[in-house]
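Chain by chain, the residues run as shown.
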Amino acid sequence: MRNGDDLEGFDGEASSASMISAASSPYQPTTEPVSQRRGLGGLRCDLDYLRGTLGRLKLAEVLLALTAFICIETIMECSPCEGLYFFEFVSCSALVVTGALLLLFSLSLHTRIPQINWNLTDLVNTGLSTFFFFIASVVLAALNHKTGAEIAAVVFGFLATAVFALNAAVAVQRWRLGRRQQSRQGSEYIRARSESREVVPRPEIQRLDA
């Protein structure tokens, strides 16, 4: 039989061997966070938004603004050119800003910046785009030379105006709904604070009054 010293030596050798085998094993446990294993840092495409009303309107706005910008860029000669330059600026600005908002909303990046009122931001963008697209289309229609590219730019400009106006109407509804929810939450918070501040008579005060 083995005595206690032999058993302790055997246990030490076994633990050393297990440590060596664990260190040499290719299947090592990892403490890497799951979020770091994702390729794009947790970004995901919000298909529900793209399939919804606002997502479809945003896609239509980007496509119409891009088409109008391409049409205006194919014009090589102009006289006067002020209407063309103004339409080019409006279509390019609407394309960039609306495309950026579409990217933020479709990837849910706007949820990482809750300090910004995104409903109001969308409302301002669609309202300004509607106004300036309408003015630019009217000016280009009045000053064009009846070429195919100019006529196509005017047509797509008015189509973009209509889509932006529809999006602005939807954005107004969402903005009003958001304000109602905020006011309701604020009233509930004030009521809760007022209820918590109600004075509860303490026993020592009651004894002094007695």
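Residues numbered from 1 in each chain as written. Predicted model: local features only at pLDDT ≥ 70, side-chain atom pairs only at ≥ 80, totals over all residues. Heavy atoms only, no water.

As recorded by an unreviewed UniProt entry, the chain carries the name CKLF like MARVEL transmembrane domain containing 4 and is attributed to Geospiza parvula. Its UniProt record gives the chain the following Subcellular location (unreviewed entry) comment, quoted word for word: "Membrane". (UniProt positions renumbered as here; feature names shortened; annotations may be inferred.)

(A) The arrangement of the overall build of the chain in detail. Helices and strands together make up the secondary structure of the chain, namely 7 helices and 0 strands. Helices and strands in the chain line up, N terminus first, as α-α-α-α-α-α-α. Taking all 210 residues of the chain together, 25% fall into the buried category. Only carbon and sulfur atoms are counted for the fraction: they give 62% of the accessible area of the chain, which is about 14,600 Å². (Helix = DSSP H or I, 4+ residues; strand = E, 2+ residues; numbered from the N terminus. Buried < 20%, exposed > 50% of the residue type's maximum accessible area, 1.4 Å probe, protein only. Areas by Shrake-Rupley, 256 points an atom, 1.4 Å probe, with all protein chains shown as cover.)

(B) Region of interest: the side chain of Ser 137. Along the chain, the position of Ser 137 falls in helix 5 (residues 118-143). Judged by its relative accessible area of 0%, Ser 137 is buried. Sequence-distant contacts of Ser 137, defined by excluding residues within four places in its chain, comprise Phe 87, Val 154, Gly 157, Phe 158 and Thr 161. (Contact = heavy atoms within 4.5 Å.)

(C) Representation of the nonpolar core within the structure. In this structure, Ile 72, Phe 87, Phe 133, Leu 140 and Ala 153 are the most contacted members of the largest nonpolar core, which totals 28 residues. Looking at this core, the elements with two or more residues in it are helix 3 (53-73), helix 4 (82-106), helix 5 and helix 6 (148-196). Each residue touching Phe 133, except ones within four places of it in the same chain, is listed here: Ala 65, Phe 87, Val 90, Ser 91, Ala 94, Gly 157, Ala 160, Thr 161 and Phe 164. (Core = buried A, V, L, I, M, F, W, Y, C linked by side-chain atoms within 4.5 Å.)

(D) Up close: unusual backbone geometry. In the Ramachandran plot, Ser 108 falls in the positive-phi region, its phi being about 60 degrees despite a non-glycine side chain. Of note, Ser 108 is situated in the loop between helix 4 and helix 5.

(E) Quick peek at the packing of aromatic side chains. Taken as a whole and judged by the stated rule, the model has 6 aromatic pairs. Relative to Phe 132, the ring of Phe 131 has its centre 5.2 Å away and its plane inclined at 75 degrees; by these criteria the two rings are edge-to-face. A residue is classified by how much of its surface remains accessible, and Phe 132, at 34% relative accessible area, is partly exposed. With centroids separated by 6.3 Å and ring planes inclined at 70 degrees, the aromatic side chains of Phe 134 and Phe 158 adopt a geometry described as edge-to-face. With Phe 134 in helix 5 and Phe 158 in helix 6, this residue pair connects regions lying 24 residues apart in the sequence. What makes Phe 134 partly exposed here is its relative accessible area of 41%. Phe 158 sits in the partly exposed class, given a relative accessible area of 34%. (Phe/Tyr/Trp six-rings, centres within 6.5 Å; stacked < 30°, edge-to-face > 60°.)

(F) Representation of the environment of Ala 136. When you line up the elements, Ala 136 lands in helix 5. For Ala 136, a relative accessible area of 0% gives the class buried. Spatially, the C-alpha atoms of Ala 136 and Phe 86 are 6.3 Å apart, while their sequence positions differ by 50 residues. The contact partners of Ala 136, leaving out residues within four places of it in the chain, are Phe 86, Phe 87 and Val 90.

(G) Quick peek at helix 5. The terminal C-alpha atoms of helix 5, which comprises 26 residues, lie 37 Å apart, in line with the 38 Å expected from a rise of 1.5 Å per residue. Between a side-chain oxygen at the N-terminus of helix 5 and the backbone nitrogen of Asn 119 the separation is 3.4 Å; the capping residue is Asn 117. (Expected span 1.5 Å × (residues − 1). Polar contact = N/O pair within 3.5 Å; in protein donor to acceptor, adjacent residues only side chain to side chain.)

(H) Layout of the packing of helix 3 against helix 4. Running from N to C, helix 3 and helix 4 cross one another at 150 degrees; their axes reach a closest spacing of 8 Å. In terms of orientation, helix 3 lies roughly antiparallel with respect to helix 4. Both helix 3 and helix 4 take part in a crossing whose hand is left-handed. Taking contact as the criterion, the partners of Lys 58, Leu 59, Glu 61, Val 62, Ala 65, Leu 66, Ala 68, Phe 69, Ile 72 and Glu 73 in helix 3 are, on helix 4, Leu 84, Phe 87, Glu 88, Ser 91, Cys 92, Leu 95, Thr 98, Gly 99, Leu 101, Leu 102 and Phe 105. (Axes fitted to C-alpha atoms, helices over the stretch in contact; angles between N-to-C directions. Parallel < 35°, antiparallel > 145°, perpendicular 65-115°, else oblique. Left-handed = near helix turned anticlockwise from the far one by under 90°.)

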